[in-house]
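Here are the chains, one letter per residue:
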Amino acid sequence: MSRRTLLLLPFLLVISSCSSQLGRSMPECEGDPSGTVIMQIQAVPGTSFVPCVNALEAGWDFNDVQPRSGLSEFTIDSDRIGDPFITVRTTATCEVSDENQRTSDERGILLYRDVVEDFKASVVIIPEGPNDATLAVAQSIVVETFGLRLRDRDVDAYVDLAESPTQDRIEAGHADGAHVITISIRDAEEGTMSLLLANEIQERSGLDLDDALEEIEDEVTPPSYRGSWFYVFEGGCTEYRFDAEGPGVESVAAEVQSSLSFIDAEAIKQGARNAGFDIP
């Protein structure tokens with residue numbers, strides 16, 4: 001730790017708890033620890049790490065650090081995906097499930113993810129029978145919708161070739177959150193299809209593909225990324241709580257991973273101890 005850092009610590013430790021102005025700056029990962037870094041450490045005294053910001057993506061805005069006993073948090077807004085789209089909260093402990101553990105991008109810190117990615121407009125196509133005619137129509141729909149986007153979602157169309165009854169396949173598609181298109185032998189002859197929107201039981205019949213896609217588009221919501229990442233370490237846990245929705249949300253995980261990181265709180269506290277301060 002630099003001499004400049006050590007000289008700053010006594011000053012910051014005294015004023016950070018009473019200065020609201022310090023909370024307005026970002027806890028930056030590089031350079032000497034700012035008041036916001038110290039405030040986070042003071043809020044959760046036993047923590048070995050605190051979150052920091054490497055850089056913000058274009059259109060992102062940092063909101064003040066809000067420290068209080070046992071908790072420190074800040075939020076980040078985006079002009080595209082949420083205001084705010086992420087809350088970063090550090091506490092002494094958090095509840096995680098072993099099944100959600102992932103490979104961590106932070107050395108010495110465990111990572112758990114419990115998120116729902118909802119990026120695509122899923123469409124399952126059920127050729128009745130199937131026979132050659134209904135199967136050919138079903139496969140042509142997959143080809144025609146390849147690369148198509150509806151309200152910033154990629155259309156993910158696939159053919160269900162299971163041998164189970166049509167109704168069972170419809171229910172399975174709905175269980176996966178998909179819109180269902182069925183092709184009867186008569187549909188194959190007339191160039192039509194029937195549509196059952198996700199979570200609906202009323203069939204819309206006699207549609208052409210453009211009609212069906214318009215009906216689906218009316219039901220499609222913007223893509224979203226919701227849930228939490230938990231970074232767990234000695235003495236603390238930082239939760240990234242996501243509520244992101246809108247164009248470009250597919251890249252939010254990579255962007256956050258690049259933009260946010262952690263500062264070794266123990267190194268800062270040890271530097272203060274070495275300078276003669278009584279730091280727990």
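Just above, that's the structure.
Residues numbered from 1 in each chain as written. Predicted model: local features only at pLDDT ≥ 70, side-chain atom pairs only at ≥ 80, totals over all residues. Heavy atoms only, no water.

What is the right way to look at the packing of aromatic side chains in this model?
Ring pairs (aromatic) are described by centroid distance and by the angle formed between their planes. In total, this model carries 12 aromatic pairs according to the counting rule given. Ring plane angle 5 degrees and centroid distance 6.4 Å describe the contact between tyrosine 240 and phenylalanine 262, whose orientation is recorded as stacked. Of this pair, tyrosine 240 sits in strand β15 (residues 236–245) while phenylalanine 262 sits in strand β16 (residues 260–264), and the two are 22 residues apart along the sequence. As far as the burial class goes, tyrosine 240 and phenylalanine 262 line up, both buried. (Phe/Tyr/Trp six-rings, centres within 6.5 Å; stacked < 30°, edge-to-face > 60°. Helix = DSSP H or I, 4+ residues; strand = E, 2+ residues; numbered from the N terminus. Buried < 20%, exposed > 50% of the residue type's maximum accessible area, 1.4 Å probe, protein only.)

Where do I start with the environment of tyrosine 225 in this structure?
For tyrosine 225, the location among the structural elements is in strand β14 (residues 224–233). Separated by 19 residues in sequence, tyrosine 225 and alanine 244 place their C-alpha atoms 5.1 Å apart. The residues touching tyrosine 225, leaving out its near neighbours within four places in the chain, are Arg113, Val115, Val116, Glu117, Phe119, Phe242, Asp243, Ala244, Val249, Val252 and Ala253. In this structure the side chain of tyrosine 225 is engaged in a polar contact, spanning 2.9 Å, whose partner is the side chain of tryptophan 229. (Contact = heavy atoms within 4.5 Å. Polar contact = N/O pair within 3.5 Å; in protein donor to acceptor, adjacent residues only side chain to side chain.)

Just checking my understanding: could you explain the pairing of strand β1 (residues 49–53) for this structure?
Working note: regular strand, side chains alternate between the two faces of the sheet. With respect to burial, β1 is a largely interior element, five of its five residues being buried. Burial along β1 is two-sided: the face carrying Phe49, Pro51 and Val53 and the face carrying Val50 and Cys52 are both buried. Sheet topology note: the β1/β16 ladder contains five bridges and is antiparallel. Residue pairing for β16: phenylalanine 49 is matched across the bridge by aspartate 264. (Pairing = 2+ DSSP bridges.)

Would you take a moment to explain the pairing of strand β10 (residues 153–159) for this structure?
Note that strand β8 (residues 120–127) and β10 share six bridges and pair parallel. If you follow lysine 120 over to β10, its bridge partner there is aspartate 154. Where strand β9 (residues 149–150) hands over to β10, the hairpin turn is made up of two residues, of which arginine 151 adopts a positive phi near 50 degrees.

Would you mind going over the side chain of glutamate 239 with me for this structure?
With respect to the secondary-structure elements, glutamate 239 resides in strand β15. A polar contact of 3.1 Å, which involves the side chain of glutamate 239, links it to the side chain of arginine 241. When sequence neighbours within four positions are dropped, the list of residues in contact with glutamate 239 reads Thr87, Val88, Arg89, Ser228, Trp229 and Phe230.

It is not clear to me how the state of the cysteines should be interpreted in this structure. Could you clarify?
In a disulfide, the sulfur atoms of two cysteines are covalently bonded to one another. According to the stated counting rule, one finds two disulfides in the structure shown. Between the sulfur atoms of cysteine 29 and its disulfide mate cysteine 52 the distance is 2.1 Å. Sign of the S-S torsion, about 100 degrees for the bond between cysteine 29 and cysteine 52, identifies this disulfide as right-handed. Here cysteine 52 lies in strand β1 and cysteine 29 lies in the loop between α1 (3–15) and α2 (35–43), a separation of 23 residues in the sequence. For the residue pair cysteine 29 and cysteine 52, the accessibility class agrees, reading buried in each case. Here cysteine 94 is linked by a disulfide to cysteine 237, with a sulfur-sulfur distance of 2.0 Å. (Disulfide = S-S within 2.5 Å.)

I would appreciate a short explanation of the pattern of salt bridges in the present structure.
It is possible for side chains bearing opposite charge to pair when their charged atoms get close. Summed over the entire model, instances satisfying the criterion amount to 12 salt bridges. Measuring nitrogen to oxygen at the nearest pair gives 4.0 Å for the salt bridge that ties glutamate 250 to arginine 149. Of the two residues, glutamate 250 sits in the loop between β15 and α7 (252–259) while arginine 149 sits in strand β9, which places them 101 residues apart along the sequence. (Salt bridge = Lys/Arg side-chain N within 4 Å of Asp/Glu carboxyl O.)

Hey, could you run me through α2 in this one?
Residues that lie three or four places apart on an α-helix share one face, since the helix turns once every 3.6 residues. Counting buried residues in α2 gives eight out of nine residues, a clear majority hidden from the surface. Every buried residue of α2 is accounted for by Gly35, Thr36, Val37, Ile38, Met39, Gln40, Ile41 and Ala43.

Can you help me understand the environment of valine 256 in this one?
Relative to the helices and strands, valine 256 resides in helix α7. For valine 256, a relative accessible area of 1% puts it in the buried group. Residues valine 256 and proline 223, spaced 33 residues apart in sequence, show a C-alpha to C-alpha distance of 17 Å. Not counting chain neighbours up to four residues away, the residues in contact with valine 256 comprise Trp60, Phe85, Ile86, Trp229, Tyr240 and Phe242.

It is worth stressing that arrangement in space is one thing and function is another; only the former is reported here.
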